Amino acid sequence: MPSAVTPAPAPTSSPSPAAPAPPRRRFPGSDWLRDPRAWRTEVLAGLVVALALIPEAIAFSVIAGVDPALGLFASFTMAVTTAVVGGRRAMISAATGAVALVIAPVNREHGVQFLIATVVLAGVFQMVLGALGVAKLMRFVPRPVLIGSVNSLAALVFLAQLPETRNVPAAVYGLIAAGIVLLVLLPRVTRVVPAPLVTITALTLVTVAAGIAVPTVGDRGALPSALPVPGLPDVPFTAGTLATIAPYAFAVALVGLMESLLTAKLVDDLTDTPSNKTRESIGQGVANVVTGLFGGMGGCAVIGQTMMNVKVAGARTRLSTFLSGAFLMVLCVVLGPVVSRIPMAALVAVMVMVSVAAFDWESVAPRTLRRMPVGETVVMLVTLGCVVVSHNLAVGVVVGSVTAALVFARRTARRVTVTPVAGPDGTSVLHRVSGELFFASSEAFADHFDPAGDPDRVVIDLSAARVSDTSAVAALDAVEAAYRRHGKTVELTGLDAAGADLRDRLHG
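Keep in mind that this is a model prediction, so the values were computed, not measured.

Cut-off values and rules
- Think of each chain on its own: its residues are numbered from 1, step by step along the sequence as written.
- Local features are withheld for residues below a pLDDT of 70 in this predicted model, meaning they are given only at 70 or higher, and side-chain atom pairs are given and counted only at 80 or more; totals for whole chains, interfaces and linings count all residues.
- Hydrogens are left out, water is left out, and the side-chain values use all remaining heavy atoms of the structure.
- The criterion for strand pairing is that DSSP finds at least two bridges linking the strands in question.
- By definition, any uninterrupted DSSP run of H or I lasting at least four residues is a helix, any uninterrupted run of E lasting at least two residues is a strand, and each is numbered from the N terminus.
- Note on definitions: angles span 0 to 180 degrees between N-to-C directions of axes, and those axes are lines fitted to C-alpha atoms, for helices only across the stretch in contact.
- Cavity and pocket criteria rest on a 1 Å grid covering protein atoms alone: a 1.4 Å probe that fits but cannot get out defines a cavity, protein on both sides within 12 Å along at least 5 of 7 lines defines an open pocket, and an atom within 4 Å of a point defines a lining residue.
- Grid points are joined across faces, edges and corners, and a volume is the space filled by probe spheres set on the points.
- Gly is placed with the polar residues, together with every amino acid not listed as nonpolar (Ala, Val, Leu, Ile, Met, Phe, Trp, Tyr, Cys and Pro) or charged (Asp, Glu, Lys and Arg).
- Clockwise travel from the first strand over the helix to the second, with the strands pointing away from the viewer, marks a crossover as right-handed.

## Focus on the sheet that holds strand E4 (residues 428-437)
Strand pairing in a sheet relies on backbone hydrogen bonds. The paired strands run either parallel or antiparallel. Read across the open sheet, the four strands follow the order E3-E4-E5-E6; overall the sheet is mixed. The sheet is open, and its two edges are formed by strand E3 (417-422) and strand E6 (489-493), each paired on a single side. Taking each pair of neighbouring strands and ignoring which way they run, the sheet shows an average axis angle of 20°. Bridging between E4 and strand E5 (residues 457-467) involves nine bridges; their strand directions are parallel. For Leu 430, the partnering residue across the bridge sits in E5 and is Val 459.

Below, the structure is given as C-alpha cells:
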C-alpha cells in the first residue's frame with residue numbers, strides 16, 4: 001500500500017501580525033449616551049423649555065381665537081414629532097404667533113374644525129414643498145436678511161413680554177428684576193442646573209410663601225386635564241372645502257417653513273453642526289399633519305424656546321426636543337395646579353434674557369457699521385423693520401431679499417467700465433469693456449460710446465465683460481446700430497461661449 005503522505009511541517013518563522021480590525025461603527029451620539037452630565041443637561045433643558053412653552057402656547061391660542069388646549073396640544077405634538085422626524089437636532093417646534101396670525105381668519109370665518117383641516121392640509125403642502133427641494137432656496141437668502149430676521153425675531157420675543165408689565169402690581173417689576181439678576185449671575189457660579197429652571201422655581205416659591213398676588217400662568221387660561229385624542233376634522237370633504245382652506249394652508253406652509261429653516265440655520269451656526277434642511281421641511285409637514293389630527297392649531301420652529309434650549313440650557317440632541325413636548329403634557333395634565341401658580345414675571349425674565357442672547361449685537365456695533373457696506377446695513381434694517389411691524393417673518397424675508405437684490409444690481413451696474421484706446425493711425429478705436437452687462441447696467445452702457453466722434457472702425461472688446469441677459473444683447477445691438485447709422489463699422493470680440501450663444505439666438 002502506498003504510504004500516507006506526511007504533511008509538510010509548518011514554517012518556524014513567526015507569523016506576521018494581523019491587520020487591525022476596522023473600528024466598530026457607532027451611531028452618532030453614542031459618546032453622548034455615556035455621559036451622565038449630558039443626560040442631565042438634555043432632561044433639564046427639556047423641562048425648562050416646557051415651562052416656557054405653556055404661557056406662549058396659551059397666548060398664541062388667544063391670537064388664533066381658539067381654546068388654549070389647542071395651542072398646548074400643538075406644542076406637544078409639534079415638539080414630539082419633530083424630535084423624531086425633523087432634521088435639526090435640539091431645535092424646538094411648537095405653536096407660534098406667525099402661524100396663529102395666518103390661520104386666525106379661518107377660525108373667525110369658518111370655525112375651529114376648518115382651522116384644524118387647514119393645519120392638516122398645510123402639513124401636506126410642507127411635505128410636498130420639502131420633497132421638491134424648497135429648502136435649497138435658502139441659499140438665495142442673503143446674509144444681511146438672515147441677520148435681520150434673527151434680530152427681528154429676538155425683538156418680537158422681547159416685545160411680546162411688554163404686555164405682561166402693563167397694569168400689574170408693583171411686585172411684578174421686582175420679580176422680573178430679581179429673575180434677570182439670577183439669570184445673569186447664576187451661570188457664573190454653577191451650570192449644574194439651568195439658570196432658567198432655578199429662576200422659575202425660586203420666584204414661584206417666593207410668591208407662594210409670601211402670598212404675593214401677581215399674575216400667574218393659570219390666569220392665562222385653563223390647562224388641559226387629559227391627553228389629546230386623534231381624529232379627522234369634522235368638515236365636508238368636498239372641492240368647496242378645499243377651495244376655502246387651500247389659500248390659508250399654503251400661507252401657513254410657507255410661513256412655517258421659512259421660520260423653521262431660518263431657525264435651523266441659526267442653530268447650525270451656534271452649534272457649528274450641519275442639518276438636513278430637506279428632512280426638516282418634510283418633518284415640519286409631518287408634524288403639522290399629526291398636530292391637526294390631534295386637534296392642534298399648527299406651528300413651526302420657535303426662535304425663543306430654541307435659543308433657550310440651545311444657547312441658554314446647552315442642549316444638543318433630539319432628547320431635549322422630545323422631552324420639552326412630553327414634559328409639557330405632564331405638567332399640564334398631572335401638575336396643572338402647581339404649574340398654574342408660576343408667576344408670569346418669572347417667565348418674562350427668562351424670555352427677556354433669551355431675546356438678549358438671540359439678538360446679534362455684533363451686527364449693530366459701531367465698529368461693524370463703519371466697516372459694513374451701507375447697502376447691506378440697509379437690507380438688515382429693512383428686514384428687521386418689516387418683521388417687527390408686520391409680525392410676519394415671511395414679509396420681512398421677501399422684502400429684505402428684494403431690497404438686497406436691488407442693492408446688488410445697483411452695485412454691480414456701477415462696476416461696468418468702457419475704456420477707449422485709439423489706434424496708432426487714428427482710423428480706429430478699441431473700447432475695452434469690463435463688468436456685468438445685464439438689465440441694470442445696459443441702459444447706461446450706450447452712454448460710454450460716441451458714434452458721431454469715433455473713427456470709422458470701432459472694435460468693442462468684451463473679453464473682460466459678461467453678457468448676461470436679453471437687455472445686454474439689446475444694448476449691444478443698439479450701440480452697433482448707432483455706429484452704422486453714422487456709416488461706421490463695428491466689430492465685437494472677446495465674447496465668451498455663453499454670451500456668444502445668447503447673442504446668436506437673440507441678435508436683431
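## Focus: empty space enclosed by the protein
According to the stated counting rule, one finds one cavity of 30 Å³ or more in the structure shown. One number sums up the size of the largest cavity: a volume of about 50 Å³. Around the largest cavity, the lining residues are Thr 82, Ala 83, Gly 86, Gly 87, Arg 88, Met 91, Ser 93, Glu 280, Arg 318 and Thr 321. Sorting the residues of the lining of the largest cavity by element identifies helix H3 (68-85) and helix H12 (318-333) as the ones contributing at least two each. Considered class by class, the residues forming the lining of the largest cavity number two nonpolar, five polar and three charged.

## Quick notes on the pairing of E4
Two faces, one strand: in a regular strand the side chains alternate between the faces of the sheet. Of the pairings in the sheet, the one linking E3 to E4 comprises six bridges and is antiparallel in character. When the bridges of E4 are listed, Val 421 appears paired with Leu 430. Regarding topology, helix H18 (residues 439-445) serves as the crossover connection from E4 to the parallel E5, and that connection is right-handed.

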